[in-house]
Amino acid sequence: MAVARPIIGAAIGGWANDRYGRRSAILIADFLFFTGAVIMASAPGPALLIIGRVFVGLGVGMASMTAPLYISEASPAKIRGALVSTNGFLITGGQFLYYLINLAFAKAPGTWRWMLGIAGVPALLQFSLMLLLPESPRWLFRKGREEEAKAILRKIYPADDVETEIQDLKESIDKEILEEGGSEKINLIKLLQTQTVRRGLIAGVGLQVFQQFVGINTVMYYSPTIVQLAGFASNQTALLLSLVTAGFNAFGSIVSIYFIDRTGRKKLLIISLFGVVISLGLLSGIFRETTTHSPIVIATESSFAAYTCPDYSSVTNAVGWDCMKCLKASHPDCGFCSSASDKLLPGSCLISNSKVKDLCHKSHREWYARGCPSKYGWVALIGLTLYIIFFSPGMGTVPWIVNSEIYPLRFRGVCGGIAATANWISNLIVAQSFLSLTQAIGTSSAFLIFGIISVVALIFVLIYVLETKGLPIEEVEKMLELRTQHYKFSEKSSGPLEKSQEM
């Protein structure tokens, strides 16, 4: 349920952004997150712990869609993508740091309180620094506070560009007011009937949904489990390899910072998805091999006879039993105790509990309860690493960048909220279904499904996502007005006027 609360936070955040401003929404998110962290760290029981998680979830949801939007609206067009990508790097870098902090506090007294409470420090720091920063100039302009907006824009843009930027912004807002009137009330039906908004939502929401359904958070949430499914028995080894995965995720965000304004959003997405498809195909093949060539089960030695898996001992002909069949036993759950000489040789199928696990380890054997021993385990780890390296620079950061650029100013907050809500809902669906999916159809088939979805995502990007590299935000709206489909692999963004004439 930890993922469910950001759904509400993202939905509320969209409304709060348009009503109270981007800066105010971030301050509210920081306050909620800090409050939640303090409540969780000091909670005397489960009830307050849950309340604290609610506060944190709401803060995360609001911040997830507000931060990219604020950065985008306050950035010069030439480096807008890199600055929004920096936000992505700070998130993935924070996840990596979180793993390190957890390891550092692993043996400290009251470990969980320290782990939860330390999360309030960055929220407090950001809250303090945000007090020193201005509101989004575009939001101020839309609210009629033109002089404040112009003063901020003059600090951001070079003197040669600032007047053009102000004029483009003014024309965009005058057009909105002419079409919609001066009312600040947003009608969702009218919003969906507006052509530019509808086209933007198709691209923006589609990217956010595909970001989750290509399987990224199954890798991040369940990387220790996936590593064990690949044949690594040790929990400590699995957690250490998960730390490596988080490190590559952060590294990919740095790659995005460098390439996003050079290569462009669309090309980066396409390269990213090509790599993701190949990586998922490799993972599917490796897990298929691991499943079909797992060590066979032999009659239990006398020292383990009392702990033989009931499902195994009850069959009259156990010739077809191997490690994978042993792990699927459920009356009760069973595990595989490997051979002492070589983990790939036949082993024993035993009842899965801590006592039996300890007995297995004392006999100098490996205990497997989630995955089976395999000589291809390292290849699976390479597949996971490649997946992260390809995903992070493109599908990891670009959906947030695109969603901060493509909506008309009046609807930018609420549309960003809709897209972020779609992202968190998709996140919840994938996270809640992954382990059940692997149990029902196998890990190999689960990765194959993610691979097929990635192919669909690639086709979607080729058709519906436009290139916004180097364009002022107001020019992106003009692109949406003129066409819906964008089949080109990449598009030149030589300049606003030239772009308009081309279309």
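The structure contained in this document is the topic of the report that follows. (Residues numbered from 1 in each chain as written. Predicted model: local features only at pLDDT ≥ 70, side-chain atom pairs only at ≥ 80, totals over all residues. Heavy atoms only, no water.)

## Regarding the overall build of the chain
Stated precisely, the cut-off is as follows: Only DSSP runs of H or I with at least four residues qualify as helices, and only runs of E with at least two residues qualify as strands; both kinds are numbered from the N terminus onward. Only protein chains enter the accessibility calculation, which uses a 1.4 Å probe. A residue is then buried if its area is under 20% of the maximum for its type, exposed if over 50%, and partly exposed in between. Note on definitions: a residue-residue contact is assigned when non-hydrogen atoms from the two residues lie within 4.5 Å. All accessible areas in this document rest on Shrake-Rupley with a 1.4 Å probe, and a residue is counted as covered only by the protein chains that are shown.
Within the chain, the regular secondary structure consists of 23 helices and three strands. Expressed as a percentage of its 503 residues, the buried residues of the chain come to 52%. Of the contacts formed within the chain by residues at least 6 apart in sequence, a portion of 78% connects residues at least 24 apart. For the chain, the accessible surface area stands at approximately 22700 Å², while carbon and sulfur atoms represent 66% of it.

## Considering the state of the cysteines
Disulfides are covalent bonds that link the sulfur atoms of two cysteine residues. Here is the rule we go by: Whenever a pair of cysteine sulfur atoms sits within 2.5 Å, that pair is classed as a disulfide.
Inspection of the entire model under this criterion finds four disulfides. Covalent S-S linkage joins Cys309 and Cys334, the inter-sulfur distance amounting to 2.1 Å. An S-S torsion of about 80 degrees defines the bridge between Cys309 and Cys334 as right-handed. Here Cys309, found in the loop between helix H14 (265–292) and helix H15 (310–314), pairs with Cys334, found in strand S1 (residues 334–337); they are 25 residues apart in sequence, far enough to count as distant. As far as burial versus exposure is concerned, Cys309 and Cys334 are alike and both buried. Note on cysteine connectivity: Cys326 is disulfide-linked to Cys349, with sulfurs 2.2 Å apart. Between Cys326 and Cys349, the disulfide has an S-S torsion of 95 degrees and is therefore right-handed. With Cys326 in helix H16 (residues 323–327) and Cys349 in strand S2 (residues 348–351), this pair connects stretches of sequence that are 23 residues apart. The pair formed by Cys326 and Cys349 is uniform in burial state, with each residue classed as buried. Across the chain, the way the bonded cysteines pair up, counted in sequence order, is 1-4, 2-8, 3-6, 5-7.

## Section: the packing of helix H20 (residues 412–441) against helix H21 (residues 443–464)
Rules: Helix axes are fitted only over the stretch in contact, all axes being lines through C-alpha atoms; the angle between N-to-C directions runs from 0 to 180 degrees. Roughly parallel here means an angle under 35 degrees, roughly antiparallel means over 145, roughly perpendicular means 65 to 115, and every remaining angle is called oblique. Note on residue categories: nonpolar means Ala, Val, Leu, Ile, Met, Phe, Trp, Tyr, Cys or Pro, charged means Asp, Glu, Lys or Arg, and polar means any other residue, Gly included.
Between H20 and H21, whose axes approach to 7 Å, the crossing angle comes to 130 degrees. As far as their axial angle goes, H21 and H20 are oblique. Side by side, H20 and H21 meet where Val430, Phe434, Leu437, Thr438 and Ile441 of the first sit next to Thr443, Ser445, Ala446, Ile449 and Phe450 of the second. Class assignment for the residues of the contact of H20 with H21 results in seven nonpolar, three polar and no charged.

## A closer look at the packing of aromatic side chains
So the rule is basically this: Any Phe, Tyr or Trp ring, taking Trp's six-membered ring, that has another such ring centre within 6.5 Å forms a pair; planes under 30 degrees apart are called stacked, those over 60 apart edge-to-face, and the others tilted.
Applying the stated criterion to the full structure yields 10 aromatic pairs. A ring pair is formed by Phe210 and Phe460, whose centres lie 5.4 Å apart and whose planes are at 50 degrees; its orientation type is tilted. Placement of Phe210 in helix H11 (residues 195–213) and of Phe460 in helix H21 is noted, with a sequence separation of 250 residues between them. For the pair Phe210 and Phe460, a shared accessibility class is recorded, and that class is buried. Here the aromatic rings of Phe434 and Phe450 are separated by 6.2 Å at their centres, their planes lie at 20 degrees, and the arrangement is stacked.

## Considering the nonpolar core
Counted only if it meets this: We call a set of buried residues a nonpolar core when its members are Ala, Val, Leu, Ile, Met, Phe, Trp, Tyr or Cys and they connect through side-chain atoms within 4.5 Å of each other.
If you look at the biggest cluster of nonpolar residues, it comprises 56 residues, and the most contacted ones within it are Tyr387, Ile406 and Cys415. Among the elements that line this core, the one with the most residues is H14, at eight residues. In contact with Ile406, other than residues within four places in its own chain, are Gly200, Ala203, Gly204, Leu466, Thr468, Val476 and Leu480. Counting 14 residues, the second-largest nonpolar core is a separate cluster that includes Val297, Trp321, Ala329 and Cys349.

## What about the environment of Gly200?
Tracing the chain through its elements places Gly200 in helix H11. With relative accessibility at 0%, the residue Gly200 sits in the buried group. The spacing of Gly200 and Tyr464 is 264 residues in sequence and 9.1 Å in space, taken between C-alpha atoms. When residues no more than four places from it in sequence are discounted, the contact partners of Gly200 are Ile406, Tyr407 and Leu480.

## So, a nonpolar patch on the surface
Just so we agree on the cut-off: Patch definition: residues above 30% relative accessible area lacking any salt bridge, with like charges linked at up to 9 Å and the nonpolar side chains Val, Leu, Ile, Met, Phe, Trp and Tyr linked at up to 5 Å. When a carboxyl oxygen of Asp or Glu lies within 4 Å of a side-chain nitrogen of Lys or Arg, that pair is called a salt bridge.
There is a patch of nonpolar side chains on the surface, built from Ile271, Leu282, Ile382, Leu386, Ile389 and Phe390 and spanning about 440 Å² of accessible area. Listing elements by their share of the nonpolar patch, those giving two or more residues are H14 and helix H18 (377–396). At four residues, H18 tops the list of elements feeding residues into the nonpolar patch. Within the fold, Leu282 resides in helix H14. A relative accessible area of 31% means that Leu282 is categorised as partly exposed.

## A short note on the packing of H11 against H21
Keep this limit in mind: Left-handed describes a crossing whose near helix is turned anticlockwise from the far helix through less than a right angle; right-handed describes the clockwise counterpart.
Two numbers describe how H11 lies on H21: the axes approach to 10 Å, and their chain directions differ by 160 degrees. Taken as axis vectors, H11 and H21 run roughly antiparallel relative to one another. Taken as a pair, H11 and H21 cross one another with a handedness that is left-handed. Facing Ile202, Ala203, Gly206, Leu207, Phe210 and Phe213 of H11, the residues of H21 in contact are Phe450, Ile453, Val456, Ala457, Phe460, Val461 and Tyr464.

## Topic: the pattern of salt bridges
A side chain of one charge can pair with a side chain of the opposite charge when the charged atoms of the two come close. Per the stated rule, a full pass over the model turns up nine salt bridges. Where Glu73 meets Arg412, a salt bridge forms, and the shortest distance between an N and an O atom there is 2.9 Å. Of this pair, Glu73 sits in helix H3 (residues 46–73) while Arg412 sits in helix H20, and the two are 339 residues apart along the sequence. Classification of Arg412 as buried rests on a relative accessible area of 2%. Through salt bridges with shared partners, one network takes in Asp18, Arg22, Glu73 and Arg412.

## Section: the pairing of S1
Note the threshold: When DSSP finds two or more bridges between two strands, those strands count as paired.
Judged by which residues are buried, S1 turns out to be covered on both faces: Cys334 and Phe336 on one side and Gly335 and Cys337 on the other are all buried. Here S1 pairs with S2 via four bridges, running antiparallel. Residue pairing for S2: Phe336 is matched across the bridge by Cys349. In this sheet, strand S3 (residues 367–368) lies alongside S1 in antiparallel orientation, the contact comprising two bridges. Counted as the bridge partner of Cys337 is Trp367 from S3.

## Observations concerning unusual backbone geometry
Of note in the backbone geometry, His364 takes a positive phi value of approximately 65 degrees without being a glycine. Judged by its relative accessible area of 67%, His364 is exposed.

## With respect to H20
Cut-off, in case you're wondering: What a helix is expected to span follows from its residue count: subtract one and scale by 1.5 Å.
Compared with the 44 Å implied by 1.5 Å per residue over 30 residues, the 41 Å span of H20 between its first and last C-alpha is a close match. Two residues or fewer past H20, Gly442 is found with a positive phi of approximately 95 degrees.

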